[in-house]
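# Residue-level structural notes
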Amino acid sequence: MPDQLGDWTRTHTCGALRTDDVDADVVLLGWVHRVRDLGGVTFIDIRDRAGVSQLVVRDNDALLVAAKRLRSEFVIGVRGVVQRRSDDTVNFKLATGDVEILVREIRVLSEAKTPPFQIAEDGAVSEELRLRYRYLDLRRPRLQHNLGLRHRVTMAVRRYFDAHGFWEIETPILAKSTPEGARDFLVPSRVHPGEFYALPQSPQIFKQILMIAGTDRYFQIVRCFRDEDQRADRQLEFTQIDVEMSFARPESVYGLIEPLMQEVFKEIGRDVSVPLPRISYADAIAKYGSDKPDLRCGLEIVDLSELFRDSEFRVFKQIVADGGVVRGIVVPGGNKYSRSQLDVLVDQAKQMGFSGLIWVRPGEPPLSSVKALNADALGTALARAQASAEDLLLMAAGPAEATSKLLGQLRLHVAKKENLLRADEFAFTWVTDFPLLEYHEDDARWYSTHHPFTAPLDADVDKLESDPGAVRAKAYDLVLNGTELGGGSIRIHDSALQARIFRRLGITDEEAKMRFGFFLEALEYGTPPHGGIALGLDRMIALLAGESSIREVMAFPKTSNAVDLMAGAPSPVDARQLTELHLKTQP
RNA sequence: GGGGUCGUAGUUCAGUUGGCUAGAACGCCGGCCUGUCACGCCGGAGGCCGCGGGUUCGAGUCCCGUCGACCCCGCCA
């Protein structure tokens, strides 16, 4: 039978006491962190969210007996007197280490089973077990820190938008399914047999309607749902900082978000210098082989096609003649790689999808397999790539975008291997001018790169019908260390242009009316030009916390198999519930 | 849907070419100890080697299947 709290009120948290509090009568409430029983004296570390304090039990047989009962993770209350520690017993590792509490009374408020893993240490524990006992894992320093950081960042974001005239407005969780984009989570309607709500993939249409509604500046820290396979940086449900503003140009959004990043990074004591760099999508692909380039390392991709247009090396020559490219990256100091290391690298490249990877070490005769690459050609290539004698040149050939993307993967592989990506460095960039549309071979139609409400660049509108692939969008991503932190665009505010885009996407007028009719109608009632952005809060916190998975910054994440190991979701439901919802499951 | 890594005391791991009566550390339980703070010392308990088949005189170890966690590709307007 546990003791009751009675009339005790917590006077201090377990992280609060300092030398100023010496001689104070205090009541601390918290978890037993560790017990050190020395026989005639027992030390108990008591822990709460705020920290750890040392309790001393001595010169009191009844209390020493009571202390013997204590086990890790019991919840206790103690009343006692704060005393200064002698100089030789101060603990510099604790914020409260100058003092300790001489215990007068202990109350065991709650006993605890021996936990399946140690709470007092951040030691390695399988993630499966951590997720099953999430409430225990959340007690540990790592997640306590991450949740605290997340709270502080969230508050900083709210302060920032409030100060800039943005209203936080909630949008429906029970929304309408829009077949474009990610798979929807559906919620059956009890009242309307056979009909479904969808959980929002993002509040995109709602926030645009808020602009039409004259709200002018909106933000929301909002849960979004996408029924797709999980990754380290993707969960079924995740949180966006969703932003929309009227009368916005891309510059307005950059000018709003850059100082926000400064505010946010202040929370971990880091300066962000603005304006942030910008790179066009086309340049990002060409130079880094990615639309989310990691700019913490150079390793730029260089184009060597022209060198091989007339070379004697038939393979490259042919590829260039057919409109392909020869491109490469220089690995600084890579000349030190042994032959077997290079073989491994070539192997790994092939696993990435390279049909071939040619390496050139300065000062070395051409490989037998590429004998046709004479020393002259190699020298020119090395010079063009600005490779020094210590470096290594890696070359591949093929279609432009595919070759760059492969080299982009290889670039990251090499950068990790060479330790060029410092975890404490933060390299932001805007990626701009995304293509508005992309062609999908499998069903032979155009899809929106971003979403169908994205405005094309004014200069490219005329190409919508004649050369859709060349139309660039007023769309931008914010990229940090190779992670897409967020993306946004200026939206179409003209219903005629919006209809034209739908037509381009192969969506008939009837379909458009069925799916987005309310929105198209809204556009016709006086729509301000508007645009915005959505930032992935989980990814941002993970980067701030130095975590490689967003699960480490979410209180209750799901496994990569979409299961909540603690709560046991998803789970079967009563037949009655199904009947009520007019649902039948397949056997 | 595909590829990969992993699965052995409560936990983290070790366990040669198949020979195991399955080990270590931490944790847990008991004892001793009046200044510890990852307390120390002594003693003890604790294992369906994920699960199911197979090969073998013999399987933690080899093979097949299956389940689970994680990473990647596809997917994520």
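What counts and what doesn't
Residues numbered from 1 in each chain as written. Chains lettered and ligands numbered in written order. Predicted model: local features only at pLDDT ≥ 70, side-chain atom pairs only at ≥ 80, totals over all residues. Heavy atoms only, no water. Near = heavy atom within 4 Å. Polar contact = N/O pair within 3.5 Å; in protein donor to acceptor, adjacent residues only side chain to side chain. Helix = DSSP H or I, 4+ residues; strand = E, 2+ residues; numbered from the N terminus. Nonpolar A, V, L, I, M, F, W, Y, C, P; charged D, E, K, R; others polar. 1 Å grid on protein atoms, 1.4 Å probe; cavity = no way out; pocket = protein on both sides within 12 Å on 5 of 7 lines; lining within 4 Å. Points joined across faces, edges and corners; volume = space filled by probe spheres on them. Pairing = 2+ DSSP bridges. Contact = heavy atoms within 4.5 Å. Axes fitted to C-alpha atoms, helices over the stretch in contact; angles between N-to-C directions. Buried < 20%, exposed > 50% of the residue type's maximum accessible area, 1.4 Å probe, protein only. Core = buried A, V, L, I, M, F, W, Y, C linked by side-chain atoms within 4.5 Å. Arc of directions from axis to C-beta. Salt bridge = Lys/Arg side-chain N within 4 Å of Asp/Glu carboxyl O. Expected span 1.5 Å × (residues − 1). pLDDT = per-residue confidence, 0-100.

### Comments concerning the protein's contact with RNA strand B
Of all residues adjacent to RNA strand B, which total 50 residues, the nearest are Thr-89, Glu-100, Glu-128, Gly-181 and His-450. Protein-proximal atoms of RNA strand B, defined as those within 4 Å of the protein, fall in sugar or phosphate at a share of 58%. Residue Arg-551 places a side-chain N or O atom 2.9 Å away from a phosphate oxygen belonging to RNA strand B. For the surface near RNA strand B, the elements supplying multiple residues, two or more each, are β1 (25-37), β2 (41-48), β3 (51-58) and α2 (127-132). Looking at the surface near RNA strand B residue by residue, the classes come out as 12 nonpolar, 19 polar and 19 charged.

### As for empty space enclosed by the protein
By the definition in use, this model includes two cavities of 30 Å³ or more. If you go around the second largest cavity, the residues you meet are Leu-131, Arg-134, Phe-556, Pro-557, Asp-564, Leu-565 and Met-566. Residue composition of the lining of the second largest cavity, by class: five nonpolar, no polar and two charged.

### Examining the sheet that holds strand β6 (residues 167-168)
The strand order across the open sheet built from eight strands is β6-β9-β10-β21-β20-β19-β16-β11, with neighbouring strands paired in mixed fashion. In the strand order of this sheet, the two ends are held by β6 and β11 (278-280), each with one partner. Relative to strand β21 (residues 530-536), strand β20 (residues 483-490) is paired through five bridges, and the arrangement is antiparallel. From the neighbouring strand, Ile-490 faces β21, where its bridge partner is Gly-531. Set on the sheet, helix α7 (residues 281-288) makes contact with β11 and β16 (428-432); between it and β11 the angle comes to about 85°.

### Details of the side chain of Arg-296
You can see Arg-296 is positioned in the loop between α7 and β12 (301-303). A polar side-chain atom of Arg-296 sits 2.7 Å from a polar atom in the side chain of Asp-294. Within the structure, the side chain of Arg-296 is placed 2.9 Å from the backbone oxygen of Arg-422, a separation counted as a polar contact. Leaving out residues up to four positions away in the same chain, Arg-296 has contacts with Leu-420, Leu-421, Arg-422, Ala-423, Glu-425, Ala-427 and Asn-481.

### Brief notes about the pairing of strand β15 (residues 392-398)
The buried fraction of β15 amounts to seven of the seven residues, a majority that puts the element mostly inside the structure. Residues Leu-392, Leu-394, Ala-396 and Gly-398 of β15 are buried on one face, and the alternating residues Leu-393, Met-395 and Ala-397, pointing to the opposite face, are buried as well. Bridge count for strand β13 (residues 325-331) against β15 is seven bridges, and the pairing is antiparallel. Bridge pairing links Val-326 to Ala-397 in β15. Direction of pairing for strand β14 (residues 358-360) relative to β15: antiparallel, over a ladder of three bridges. Each residue of the ladder has a partner; that of Val-360, found in β15, is Leu-393.

### Things to note about the nonpolar core
Counting 41 residues, the largest nonpolar core has Phe-161, Ile-257 and Met-261 as its most contacted members. Looking at this core, the element that brings in the most residues is helix α6 (residues 250-266), giving eight residues. The next biggest cluster of nonpolar side chains, apart from the first, holds 32 residues, and it includes Ile-205, Ile-212, Ile-279 and Phe-516.

### Overview of helix α14 (residues 495-504)
Listing the buried residues of α14 in full gives Leu-497, Gln-498, Ile-501 and Phe-502. Across the axial projection of α14, the buried residues extend over an arc of 145°, all falling on one side. On its buried side, α14 packs onto α13 (463-466) and α15 (509-523). Just past α14, the residue Gly-506 takes up positive phi, approximately 75°.

### Digging into the pattern of salt bridges
Between side chains of opposite charge, pairing is possible as soon as their charged atoms come close. Considering all chains together, one arrives at 43 salt bridges under this definition. Note that Lys-336 is salt-bridged to Glu-418, the shortest N-O span being 3.2 Å. Within this pair, whereas Lys-336 is found in the loop between β13 and α10 (339-352), its partner Glu-418 is found in the loop between α12 (400-417) and β16, the two being separated by 82 residues in sequence. In this structure, Glu-511 engages Arg-515 in a salt bridge whose closest nitrogen and oxygen atoms are separated by 3.2 Å. Placement of the pair is Glu-511 and Arg-515 together in helix α15, with a separation of four residues, close to one helical turn. Overlapping salt bridges bring together Arg-130, Arg-134, Asp-137, Arg-140, Arg-142, Glu-547 and Glu-552 as one network.

### A closer look at α6
Here α6 spans 25 Å end to end across 17 residues, near enough to the 24 Å set by a 1.5 Å rise per residue. Those residues of α6 that fall on the buried side of the exposure criterion are Val-253, Tyr-254, Leu-256, Ile-257, Glu-258, Leu-260, Met-261, Val-264 and Phe-265.

### Some thoughts on the confidence of the model for chain A
Looking at chain A, the pLDDT average stands at 92 and 98% of residues meet or exceed 70. The ipTM assigned to the predicted complex is 0.94, against a pTM of 0.94.

### A look at the sheet that holds β14
If you trace the four strands from one edge of the open sheet to the other, you get β12-β13-β15-β14, paired in antiparallel fashion. Both outer strands of the open sheet, β12 and β14, are each paired with one neighbouring strand and no more. Between one strand axis and the next, the sheet turns by 30° as a mean value, whatever way the strands run. Helix α9 (residues 314-321) contacts β13, β14 and β15 of the sheet and is inclined by roughly 50° relative to β15.

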